[in-house]
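So the chains spell out like this:
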Amino acid sequence: MECINGILKTLSGGTSPDIKNLKLNPNLTAKILEFFELDKTVKLTLDVRNLNNDYINAKAVSRSNNEYQIIFNSIYVKNATDLSIARTFIHEIMHVYLYKKFDRMEETEYSDLLKILKQSKSSSEGFMHHSYFADNLIPIIADNLYEWCRQSSLFVSYDYCKKMAWSGLAGIPEFENHPDKSQINRINNNEKTNNYAAKGRNCNQTFVGF
């Protein structure tokens, strides 16, 4: 529990990025989390449970126009490093923020993105949604993860963080055709299982919920 709380606390700190345009900024997650904290009409909750699928680290859920949830897989949390869990949270908070934009139908500011999300919501695989991640959000996820590492005194390279940023995108053409696909899979599996090659730290905690 302490490990998870520590990760979220670090991700919640930082400077003020430009969320509206999803500009590159190493503290985008901080501003998203601040939004959910300050806007009392919107609720974000976190939970951990057995998702009955070892391949799923976590998932973001849109409960309604004003309620969202990130659910971590309890098996994943039990075994993964802090670095892996931080990456997963950054990935899922991006999903949540984009779902919020979809639910509020902010067509003027997000018309192109909303078209992608609408098509994604009708697809059980969500490939188009993750294609948007691959085309637009990899540097943002990598920046956030690298900044988390810096603030957490975990010394890994930016390139390592960028490869981790591709986790969760298996199946889409952008990932399947990536020249570093094998290395990306290996790195993320190392962190997910906390094996001898992992660079993150042990985060084996009993995580019941928030």
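Residues numbered from 1 in each chain as written. Predicted model: local features only at pLDDT ≥ 70, side-chain atom pairs only at ≥ 80, totals over all residues. Heavy atoms only, no water.

A. Representation of the overall build of the chain in the model. Per the secondary structure count, the chain includes nine helices and three strands. Along the chain, from the amino end to the carboxyl end, the secondary structure elements read α-α-β-β-β-α-α-α-α-α-α-α. The buried share among the 210 residues of the chain stands at 50%. For the chain, the proportion of contacts with a sequence separation of at least 24, taken over those separated by at least 6, is 62%. (Helix = DSSP H or I, 4+ residues; strand = E, 2+ residues; numbered from the N terminus. Buried < 20%, exposed > 50% of the residue type's maximum accessible area, 1.4 Å probe, protein only. Contact = heavy atoms within 4.5 Å.)

B. Structural context of the nonpolar core. Core analysis: the largest hydrophobic core is formed by 48 residues, its most contacted members being F72, L83 and W148. If one sorts the elements of this core by residue count, helix α6 (residues 127–151) sits on top with eleven residues. The residues touching W148, leaving out its near neighbours within four places in the chain, are I7, T10, L11, D82, L83, A86, L154 and R201. (Core = buried A, V, L, I, M, F, W, Y, C linked by side-chain atoms within 4.5 Å.)

C. Summary view of the packing of aromatic side chains. Within this structure, the stated rule accounts for three aromatic pairs. Taken together, a centroid distance of 6.4 Å and an interplanar angle of 35 degrees make the contact between W166 and F175 tilted. You'll find W166 and F175 in the same group, each marked buried. (Phe/Tyr/Trp six-rings, centres within 6.5 Å; stacked < 30°, edge-to-face > 60°.)

D. Representation of unusual backbone geometry in the model. With a phi close to 55 degrees, S153 is a non-glycine residue in the positive phi region. With respect to the element layout, S153 can be found in the loop between α6 and α7 (158–164). Assessed through its relative accessible area of 48%, S153 is described here as partly exposed. Look at N194: it is not a glycine, yet its phi comes out positive at around 55 degrees. Structurally, N194 can be placed in the segment after α9 (181–193). By relative accessible area, N194 is classed as partly exposed at 26%.

E. The environment of I140, seen in detail. Among the structural elements, I140 can be located in helix α6. Distance in space between the C-alpha atoms of I140 and I90 is 9.3 Å, their sequence separation being 50 residues.

F. Region of interest: the sheet that holds strand β2 (residues 58–62). With mixed pairing, three strands are arranged side by side in an open sheet as β1-β3-β2. Only two strands of the sheet have a single neighbouring strand rather than two, namely β1 (43–49) and β2. Averaged over all neighbouring strand pairs, the angle between strand axes comes to 20 degrees, with direction disregarded. In the sheet, β2 pairs with strand β3 (residues 67–73) via five bridges, with the strands oriented antiparallel. The partner of V61 across the bridge, within β3, is Q69. (Pairing = 2+ DSSP bridges. Axes fitted to C-alpha atoms, helices over the stretch in contact; angles between N-to-C directions.)

G. Region of the structure containing the pattern of salt bridges. A complete count under the given rule lists six salt bridges for this structure. Put simply, D47 and R49 hold a salt bridge, and the shortest N to O gap is 2.9 Å. Accessibility expressed as a relative area gives 18% for D47, which makes it buried. Between D159 and K163 there is a salt bridge; the shortest N-O distance is 2.7 Å. Here K163 and D159 lie together in helix α7, a separation of four residues that amounts to about one turn. The exposure class of D159 is partly exposed, given its relative accessible area of 44%. Owing to a relative accessible area of 8%, K163 belongs among the buried residues under this scheme. Where salt bridges share partners, they join D159, K163 and D180 into one cluster. (Salt bridge = Lys/Arg side-chain N within 4 Å of Asp/Glu carboxyl O.)

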